Amino acid sequence: MVEQPLPPVERVRPGLWSIPVPIPNNPLRYVLVYAFETDKGPYLVDAGWNTDDAFGVLCQGLTHAGFDIANVQGVLVTHIHPDHYGLAGRIRESSGAWVALHPADAALVHDRYEEPDDLLDRVATMLRRVGAPEAELESLQRSAMPVLPFVVTTHPDVLLEDGDKPEVPGWDLVAIWTPGHTAGHLCFYERNMRLMLSGDHVLPRITPNISVHPQAPSNPLADYLASLEKVGEYETEEVLPAHEHRFVGLSARVAELRAHHEQRFVEVTDAIADGAVTAWDIASQMQWSRPWERINGFMRRAAVGEALAHVRVLEERGLVQAVEGEPVRWELVKKS
Ligand SMILES: [Zn+2]
Ligand SMILES: [Zn+2]
């Protein structure tokens, strides 16, 4: 496969730059880091993976935009995933910048990146409950471990809650808490230019993974759908997402994403009606971007988590119910 070149470093608006930073061996290819110019130095939204290559490309991109990594003042991180948070610690080391995260994601740093043993136990428990075949348990349990080297474990200096205004002089930014993709996902809205920095919450073409896992809230998809409504209310001239490309039409995209999940609910209900009982069975009968047999490792875990996220919303709507046990079995609620 020929690697496509990264998109160019781009001036999005006067004083606001978009810098693509590569993600190794990942179909998303890059994360878009946004740099806000101020009198004190640049402030970044998101950081990138922790590789030398990514760090080098970020430094070059900042230079191209007329900045110096050593002058970075703050890093606003949309969420804890390695492609967003991974390099934050290294940027702080190079510049003394503060790193900001929502408290719900900050609370996950220790278990996820510092001492993952307990989390691995909880992943195993969950895999049994969703009905993962015994033969796949061990490999699936450890399938997220290869990303650990891509994060410099760091704790945030600043916690941003919903409605907080991060200190970025000359810009009117507000943090919007949008739980779903992660428990503490943040979008940032710039009021003067009506720009929505949407992180992974709203992307132009792909749908973010929303899944049940041991570090997710109990009903992440219900949170996600509420968070979609929340950002949809902002008058937005352009959306600046963390992957793919910037785009116009936030409310139309929100409507598409909502319709997508309604379609998924139908798939889940059909799967159960056709005899699927565990979340694993349900996932294996849903439509994915490739056949189920070719979804492996962490992708498979994410797919099952996503199936379960849909099941939980249907449970909340009173359409399906759980039969407790190991694995948990799902059935349709019979209409009386
Ligand atoms: Zn993410
Ligand atoms: Zn991402």
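Keep in mind that what you see is a predicted model, and the values were worked out from it rather than measured. (Residues numbered from 1 in each chain as written. Chains lettered and ligands numbered in written order. Predicted model: local features only at pLDDT ≥ 70, side-chain atom pairs only at ≥ 80, totals over all residues. Heavy atoms only, no water.)

### A few points about the coordination of the zinc ion (ligand 2)
Then comes step 1: Distances from the zinc ion (ligand 2) to its protein donors, Asp83 (OD), His84 (NE2), Asp200 (OD) and His243 (NE2), fall at 2.1 to 2.3 Å.
Then comes step 2: Classification of the site at the zinc ion (ligand 2) rests on its four donor atoms, whose angles at the metal span 87 to 156°, yielding the label irregular.
Then comes step 3: When the donor residues of the zinc ion (ligand 2) are listed from N- to C-terminus, their spacing reads D-H-x115-D-x42-H.
Then comes step 4: Separating the zinc ion (ligand 2) from the zinc ion (ligand 1) is a gap of 3.5 Å, which Asp200 spans by donating to each of them. (Donors = N, O, S within 2.8 Å, 3.2 Å for Na, K, Ca; no water. Tetrahedral: all angles 85-135°; square planar, octahedral: opposite > 155°, others 65-115°.)

### Let's talk about the sheet that holds strand β9 (residues 186-190)
Whether parallel or antiparallel, the strands of a sheet pair through hydrogen bonds between backbone atoms.
Then comes step 1: As summarised here, the arrangement of the four strands in space is β8-β9-β10-β11, forming an open sheet in which the pairing is mixed. Both outer strands of the open sheet, β8 (173-177) and β11 (238-241), are each paired with one neighbouring strand and no more. The mean inter-strand angle of the sheet, taken between neighbouring strand axes irrespective of direction, is 25°.
Then comes step 2: Pairing between strand β10 (residues 195-199) and β11: four bridges, direction parallel. When the sheet's bridge partners are listed, Leu197 is paired in β11 with Leu240. (Pairing = 2+ DSSP bridges. Helix = DSSP H or I, 4+ residues; strand = E, 2+ residues; numbered from the N terminus. Axes fitted to C-alpha atoms, helices over the stretch in contact; angles between N-to-C directions.)

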